[in-house]
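Reading the structure
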Amino acid sequence: MFKKILIANRGEIAARIIKACQEMGISTVAVYSEADRESLHVQMADEAFCIGPAPAVESYLDMDAIIRTAHAAGAEAIHPGYGFLAENAEFDRLCEKENIVFIGPNSRALKLVGDKVRSRQTMEKAGVPIIPGMKGIPKDLSECESEAKKIGFPVMIKASAGGGGKGMRIVHSLKDLKSGLEAGMREAKSAFGDESVYLEKYIEEPRHVEFQVLADNHGNVVHLYERECSIQRRHQKIVEETPSQALTPELRSRMGETAKKVMQVSGYNNAGTVEFLLDKQKNFYFLEVNARLQVEHPVTELTTGVDLVHQQIRIASGEKLPFQQEDLSQRGHSIECRIYAEDPLNNFLPSSGKVLYLKEPKGPGVRHDCGIFSGSSVPIYYDPILAKLIVWAEDRETACRRMIHALEDYVILGIKTTIDFLKEVIAHPQFQAGNTTTSFIEKHLDGWEGTKKTEEILKLALIASAFDNLDKTHAGPVVNRGDVRRETHSPWQSLGKWRLGGKR
Ligand code: MV4
């Protein structure tokens, strides 16, 4: 087993991975940008190294700086978390070359699953259901037109290098195809540097159901059941849960076996997720592989009892999976809400600044994977996820209630968050009925105007901010000793001193 691991990430996921290392007796090395000097993951790790300025390209995406730091600190492996370098085949290869273990899939598998058109071809050959559509990149408009007629409208234009919905376009009729293709290619070019697009049948109001898979380096593959991730806004997931309300035991088992096959034919190892779209007739189609630990992994952990980060580390160090498919089962129900530093009342505009106060929700069956603390700052440079609130209960109804109460018990002052909006989602009759599709947010929560609590939070934030400022401004005349300005941390204390000594 490794003695020391470098975590090439920040925020809640870096904290999550550091905890797993601590539990396994492994030392941890944090890397951070100049904007993250005082952040949680830096404080939690055994060692921490600054790797560059705030912009991610100059720090968390700087492969050489990270490799150099790993060597300097004597880390044998790197955990990339999600985002940043997690699915970067070049970084994976660089680690291999530098004799550092990349805790993730091998670079060949990573490359294959990153290429959509190629992986569609591979999957079709293996008998994995794919969305009806083109098998390669079209050479011209007339090929697109004849293919579109074959597929039948509406069709969807997708970027071959794509992901996250970029370069995607729905086309309803032949006359709109040309302009759709042009726009899709332009978007693909600017987002991925590759203008290749292709056509698929458009699946209306699908559900997004994904399967967690673990594959060791000895040919053993298991799935750890599904996560339903249909509740999202502009391709950003908001709420995830397991089990999915849409699956029967029979469908679940067929999809699970298909997910394992996807990983086997890709030569995949370590943890990964196979994404499917599920249509209204309950047909499922392979969409893509996410070659990383995912944001929503905790719901799988709480229902299967498997720690996915422990398993990732064990697999990377060469161990065999300690269980077989028959040993795994789902128990109870789990829901995750993503807490973003965004303002739901202002088009989900990212919100940055200082966390003036944090009250974490707690209680039986409540897990809070958190990247902030009272007094920490939220920079503008990175993904605005602050934390994840995850609940577990015996059944879905109880899990929903538990989530609503946990959200009510949760306070973050100083920055705008999605907490109140999430409560609205979970409390919505259509969510409670399990009617979760990818259109849920636009259909049911467009134009949401906030609640009484939202107003109250704003008032409290104003007060907290006033005290925060009071601490700095009014403490000055009293605690200044010569040219040394002492920082006081209690507004009450500084206020008291100000009255006593300051104004006589
Ligand atoms: C689709 C689709 C409908 N038909 N493909 C969006 C992200 C990308 N990875 C795949 N996506 C979709 N592909 C066809 N042929 C609808 C979506 C889609 C979606 C998929 C998963 C989760 C949320 C989504 C929201 C809107 C559209």
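If you're wondering where the values come from, they're calculated on a predicted model, not measured in any experiment. (Residues numbered from 1 in each chain as written. Predicted model: local features only at pLDDT ≥ 70, side-chain atom pairs only at ≥ 80, totals over all residues. Heavy atoms only, no water.)

Here's the deal with the environment of aspartate 420
Examined against the element boundaries, aspartate 420 turns out to sit in helix α13 (residues 419–427). Aspartate 420 sits in the buried class, given a relative accessible area of 15%. Spatially, the C-alpha atoms of aspartate 420 and proline 53 are 34 Å apart, while their sequence positions differ by 367 residues. Here aspartate 420 is in contact with Trp448, Thr451, Lys453 and Thr454, once residues within four sequence places are set aside. Polar contacts involving the side chain of aspartate 420 include one to the side chain of threonine 454, which spans 2.8 Å. (Helix = DSSP H or I, 4+ residues; strand = E, 2+ residues; numbered from the N terminus. Buried < 20%, exposed > 50% of the residue type's maximum accessible area, 1.4 Å probe, protein only. Contact = heavy atoms within 4.5 Å. Polar contact = N/O pair within 3.5 Å; in protein donor to acceptor, adjacent residues only side chain to side chain.)

Quick notes on the environment of alanine 77
If you trace the backbone, alanine 77 turns up in strand β4 (residues 77–79). Along the sequence, alanine 77 and lysine 453 sit 376 residues apart, while their C-alpha atoms lie 45 Å from each other.

Things to note about the sheet that holds strand β14 (residues 333–340)
With respect to topology, eight strands assemble into an open sheet ordered β13-β12-β9-β10-β11-β14-β21-β19, the strand pairing being antiparallel. Single-partner strands in this sheet number two, and they are β13 (284–290) and β19 (366–370). On average, adjacent strands in this sheet sit at an angle of 25 degrees to one another, irrespective of strand direction. Pairing of strand β9 (residues 207–215) with strand β12 (residues 270–278) involves nine bridges; the strand directions are antiparallel. (Pairing = 2+ DSSP bridges. Axes fitted to C-alpha atoms, helices over the stretch in contact; angles between N-to-C directions.)

Concerning the packing of aromatic side chains
In total, this model carries nine aromatic pairs according to the counting rule given. Ring centres of phenylalanine 276 and phenylalanine 284 lie 5.3 Å apart, and the angle between their planes is 85 degrees; on these two criteria the pair is classed as edge-to-face. One exposure class covers both phenylalanine 276 and phenylalanine 284, and it is buried. Among the aromatic residues, ring-to-ring pairing joins Tyr60, Phe84, Tyr381 and Tyr382 into one connected group. (Phe/Tyr/Trp six-rings, centres within 6.5 Å; stacked < 30°, edge-to-face > 60°.)

Some words on a positive patch on the surface
A cluster of like positive charges, contributed by Arg93, Arg108, Lys111 and Arg118, occupies part of the molecular surface. In this fold, arginine 93 is placed in helix α4 (residues 89–97). (Patch = residues over 30% accessible without salt bridge, like charges linked within 9 Å, V, L, I, M, F, W, Y side chains within 5 Å. Areas by Shrake-Rupley, 256 points an atom, 1.4 Å probe, with all protein chains shown as cover. Salt bridge = Lys/Arg side-chain N within 4 Å of Asp/Glu carboxyl O. Lys, Arg positive; Asp, Glu negative; His and termini not counted. Charge placed at Lys NZ, Arg CZ, Asp CG, Glu CD.)

What about the pattern of salt bridges?
Counted according to the given criterion, the structure contains 35 salt bridges. With a shortest N-O distance of 3.4 Å, arginine 314 and glutamate 319 are connected by a salt bridge. What makes glutamate 319 partly exposed here is its relative accessible area of 29%. Lysine 423 serves as the salt-bridge partner of glutamate 408, at 2.7 Å between the closest nitrogen and oxygen. Separated by 15 residues along the polypeptide, glutamate 408 in helix α12 (residues 396–408) and lysine 423 in helix α13 bring together distant segments of the chain. On the basis of relative accessible area, glutamate 408 is assigned to the partly exposed category, the value being 36%. Residue class for lysine 423 comes out partly exposed when judged on its relative accessible area of 30%. When salt bridges that share partners are traced, they join Glu210, Arg227, Lys237, Glu240, Glu296 and Arg338 into one network.

By themselves, these are just geometric observations and shouldn't be taken as functional.
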